[in-house]
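Structural characterization, general
So you can see what is in the structure, the chains are spelled out below.
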Amino acid sequence: MADPIISLIQILIFPGLIFLFILGLIFEWIDRKVFARFQNRIGPLYTGPRGFLQPLADFIKLLTKEDVTPRYVDKFLFNLLPGIAPVLPVFASFYLPLNGYPILHPFEGDLILIITLMTIYTIIVFMAGWVSTNRFSSIGAARAILQFLGFEIPMFISLASVAIDSASLSITYIADHQPIPYILLQPLGFIIFLIALQAELERVPFDIPEAESEIVAGWLTEYSGPKLAFFRLSNNLMLVFGAGLTTAIFLGGGSGPILPPIIWYLIKMVFVVILSTILRTVFARLRIDQVLSGAWRYLIPLAILQLILAKFLAVLVM
Amino acid sequence: MTTISREEFILKELKLAFNDKILESRIAAPRYIYVTVNKETVIPLVKFLKENFGLRHIVTITGTDFGEYIELIYHLAIYGRTLMVNVKTKVPKDDPEIESIVKLLPGATLYEREVHDLLGVVFTGHPNLERLILPDDWPEGVYPLRKDWKMEGT
Amino acid sequence: MSTYKIPVGPQHPAIKEAFQFNFELDGEIIVNVKPRLGFVHRGIEKGMELRSWVQGIYLSERICGICNVPHTTCYCIAVEKLHDVDVPKRAQYLRIIINELNRIHSHLLWLGVLGMELGFLTFYMYVWRDRERVMDLVELISGNRVTPSMNFIGGVVYDITPKMEMAIKKGMDYLEERTKYYKSVVLNEPTIKVRTENIGVLNKSAATDLCAVGPVARASDLKTDVRFDDPYSSYDEIPFNLVTYSYCDVFARVLVRVDEVLESINIIRECLDKLPSGPIMKKLKRTPPPGESTVRVEAPRGELMYYVKSDGKENPYRVKIRTPTLANIPAVCEMLKGYHIADIPAIIASIDPCYCCTERILFIDKARNKRWIWSHSQLRKYSLEWYENGGRR
């Protein structure tokens, strides 16, 4: 086992907490900038070079705002949940082989662990909306759970088909054993995963739980100031984690010629973020029933088809 | 054979059906007719126009305060909304009551509520004559569009 | 299952202006709707009675920020009718041009808002960028981007020079191309289609009975347009098509408005080609003779009516304004029943609501049966005391 000091540095600085935090802010900037350019706007501009520091400025600004706790909410959970929310994507990211090797020791089955963490994240979103006792929040929370019912299953099936093909449930093992990246071997699975990830991240066309023009801010309505800052941070970290997971599972992790693995990993993550932003740009928001019927009618059968194909592929490779 | 315009034709028909109940009538401009009747005649007149001239559209109801009485004008559009018949009637200001036309023209709901709010005309038989425009804490019996209501500072 | 109530408005991201719909919901399905108006009443009808005839033009222009031109057109025509004069032909054509520019601007604005209500921000940004072009043209003619102050009793204030004519024609070519592109986006983009097709259906007989007007009525296959039914300001000399669709849903309302933009572009071109020479203004007396007149005008949102009564004095005796949004409120309440919460923004937006048009009549604070006007500092003092007492009465 490595030196405890090196472990501590890994956890706290690189590629741990601070690195992930900075990455979250950078990805938000990339997302906002690309989104704006696609819409014929400029996007963040003044804070830092090309508005690079805008997400950080927003985060600090929110931290300094008044911390409001409404009178009729469940005060304990209302104050606790914003603190828990960012922990989950960070913890899950510790199992991603960002620097060629994850921070926490990988084991056979860590894929199942992080799937569990993602599910818990959805439940936290639901609880955050529910304890707000606001009508808009309640609707948003109910929608978050409904959306979860539609998208977790195809997402897991598409992960399972990769796991079957590579005969492993360890993310690091899957990332390291991809002579041909799974994006080429299982393009259908990749598309399904990307769509489901878009829903998991609550981005257009699946931003239904926080649909601004319908239910104000959905489950986030009552949160303001530092609490909102932490939810936004956790959303950014989810983006980092989602892009990281996609990279590990479908794009072969940090493998690539010449450059060190961390650089390759980051390049691939940025690619995933930009793909997700493009999806966000070109669609209108769907309705919750349309999303659910779409997920169950098309995504799940397609995911199962991919699973069967993966099984054949595995047999062929054998 | 002399052809008569649509406006003249309608006035002729109205006079035939209601004869002396039409107190006053004139063609103000092409496509605009003004008819003055008693307040009891409004309902039969609207019914007559609905049955014979395909009246389905009411543009609005105008209420004007004339001191001792309030004049109501029903702006009705017939012939596929191409011709306007403006039916005028008077209600006394101390007892401003008139029968509602909502049963005949459902589109008049909000217009009657608006006139009720601002001029205090009571439309009997209206399904829901509650506040529409004025705020909830506006005092009862104060009607801002009446001439005796003066705005402060003017 | 019991229903629960959810208020939308007076402050809500979907509704930019102060207006309230009280929804009764069963899960995500709307059971009943109750509208409540009056949050931004400004007392314009009363205000008209206190102002002179000329001041009335500018007050009517401020009824609505977006569709201000039809308001002044309607008011001016009504007063001209009292004078019993016709304005010069050139002025009539210029009025058509400025009205149609206003319609293009209003419809494009609406198209962008719809994109935003559907969560389609990209569409919104693009449409609003092209809307700038119309506002530039309005600025070129009048010097103002939104409120041109073009109409006056007896004619129009600004003339269109040949140089402007060229610029307008160029702008129309650009807008035609862009609008056709947006139409193809609306027709081909699946997420817009699933959110608008078969949503907010208002069939033809309901539209007739509830007195729906404007694009809402035309999307329900009702052939009604004041420009046709009751031509004013030489509209009968310009050939154009009456756009109707028979789908009766939000999608049809989108298409009606997009097609109307194309029609308006053609009308403007036609007007520029036919533009007669001559004066643009006829001098009239300051006060019209006693009388009354009713005028209807097709605003971007539908039929707009002014009733003006004069008693021969300095001020109008009575000015009654009926704006199209008020006429469409019974229709929108009917449309909403049976649909999802998620459809609320699209359906409400589909009538192109303009509440500042609808609401015109409230002014000073009149709590506790007393009338008074507060200065800013008094209001501030009152609010501080209010919160010191725990915010209760």
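One can find the structure itself at the top, above this paragraph.
Now for a look at the structure at hand. (Residues numbered from 1 in each chain as written. Chains lettered and ligands numbered in written order. Predicted model: local features only at pLDDT ≥ 70, side-chain atom pairs only at ≥ 80, totals over all residues. Heavy atoms only, no water.)

1. Regarding the overall build of chain A
When helices and strands are counted, chain A shows 14 helices and zero strands. Secondary structure elements in chain A, listed N-terminal to C-terminal, are α-α-α-α-α-α-α-α-α-α-α-α-α-α. Relative to the compact-globule value of 20 Å for 318 residues, chain A shows a C-alpha radius of gyration of 19 Å, a close match. With the principal axes as the frame, chain A shows a C-alpha extent of 60 × 50 × 45 Å. The buried share of chain A, reckoned over its 318 residues, is 55%. Relative to all contacts within chain A whose residues are 6 or more apart in sequence, the contacts with residues 24 or more apart total 76%. (Helix = DSSP H or I, 4+ residues; strand = E, 2+ residues; numbered from the N terminus. Rg over C-alpha atoms; globule rule 2.2 N^0.38 Å. Buried < 20%, exposed > 50% of the residue type's maximum accessible area, 1.4 Å probe, protein only. Contact = heavy atoms within 4.5 Å.)

2. Points about the packing of helix H6 (residues 110-130) of chain A against helix H12 (residues 225-250) of chain A
Residues and elements named next belong to chain A. In contact at an axis separation of 13 Å, H6 and H12 are set at 155° when each is read in the N-to-C sense. One way to sum up the angle between H6 and H12 is to call them roughly antiparallel. Crossing geometry of H6 relative to H12 is assigned as left-handed. Contacts from Leu111, Ile114, Met118, Tyr121 and Ala128 in H6 reach Phe231, Ser234, Asn235, Met238, Phe241, Leu245 and Ile249 in H12. For the contact of H6 with H12, the class distribution of residues is 10 nonpolar, two polar and no charged. (Axes fitted to C-alpha atoms, helices over the stretch in contact; angles between N-to-C directions. Parallel < 35°, antiparallel > 145°, perpendicular 65-115°, else oblique. Left-handed = near helix turned anticlockwise from the far one by under 90°. Nonpolar A, V, L, I, M, F, W, Y, C, P; charged D, E, K, R; others polar.)

3. Considering the interface of chain C and chain A
Interface size, as often reported, equals the accessible area lost upon joining of the parts. Taken together, the contact pairs 30 residues of chain C with 26 residues of chain A. Summed over both partners, the interface of chain C with chain A buries about 2400 Å², with 58% contributed by carbon and sulfur atoms. Across the contact surface, chain C and chain A share four residue pairs in polar contact (both at pLDDT 80 or more). Elements supplying a minimum of two residues to the side of chain C that touches chain A: strand S1 (4-8), helix H4 (89-117), helix H5 (121-142) and helix H7 (190-196) of chain C. No other element matches the five residues that H5(C) contributes to the side of chain C that touches chain A. Class assignment for the residues of the side of chain C that touches chain A results in 17 nonpolar, five polar and eight charged. (Buried area = accessible area lost by both parts, 1.4 Å probe. Polar contact = N/O pair within 3.5 Å; in protein donor to acceptor, adjacent residues only side chain to side chain.)

4. Description of the packing of aromatic side chains
Enumeration over the complete set of coordinates arrives at 27 aromatic pairs over all chains. Judged by centre distance (6.0 Å) and plane angle (85°), the ring pair of Phe53(B) and Tyr79(B) falls under edge-to-face. Separated by 26 residues along the polypeptide, Phe53(B) in helix H2 (residues 42-53) and Tyr79(B) in the loop between strand S4 (69-78) and strand S5 (83-92) bring together distant segments of the chain. Of the residues examined, Tyr79(B) reaches a relative accessible area of 28% and is grouped as partly exposed. An angle of 70° between the planes, with centres 5.0 Å apart, marks the rings of Tyr232(C) and Tyr235(C) as edge-to-face. Judged by its relative accessible area of 1%, Tyr235(C) falls in the buried class. By the ring-pair criterion, three or more aromatic residues cluster together here, those being Phe9(B), Phe18(B), Phe48(B), Phe53(B) and Tyr79(B). Positioned over the ring face of Tyr69(B) is Lys90(B), at 4.7 Å from the centre of the ring. Over the face of the ring belonging to Tyr317(C) we find Lys147(B), whose NZ or CZ atom lies 4.1 Å from the ring centre. (Phe/Tyr/Trp six-rings, centres within 6.5 Å; stacked < 30°, edge-to-face > 60°. Lys NZ or Arg CZ within 6 Å of the ring centre and 35° of its normal.)

5. Some points on the pattern of salt bridges
Residues and elements named next belong to chain C. Taken as a whole and assessed by the stated rule, the structure comprises 40 salt bridges over all chains. For Arg95, the salt bridge identified is with Glu80, shortest N-O distance 2.8 Å. Of this pair, Arg95 sits in helix H4 while Glu80 sits in helix H3 (residues 68-83), and the two are 15 residues apart along the sequence. For Glu80, a relative accessible area of 4% puts it in the buried group. Between Arg218 and Glu260 there is a salt bridge, with the nearest N and O atoms lying 2.5 Å from each other. (Salt bridge = Lys/Arg side-chain N within 4 Å of Asp/Glu carboxyl O.)

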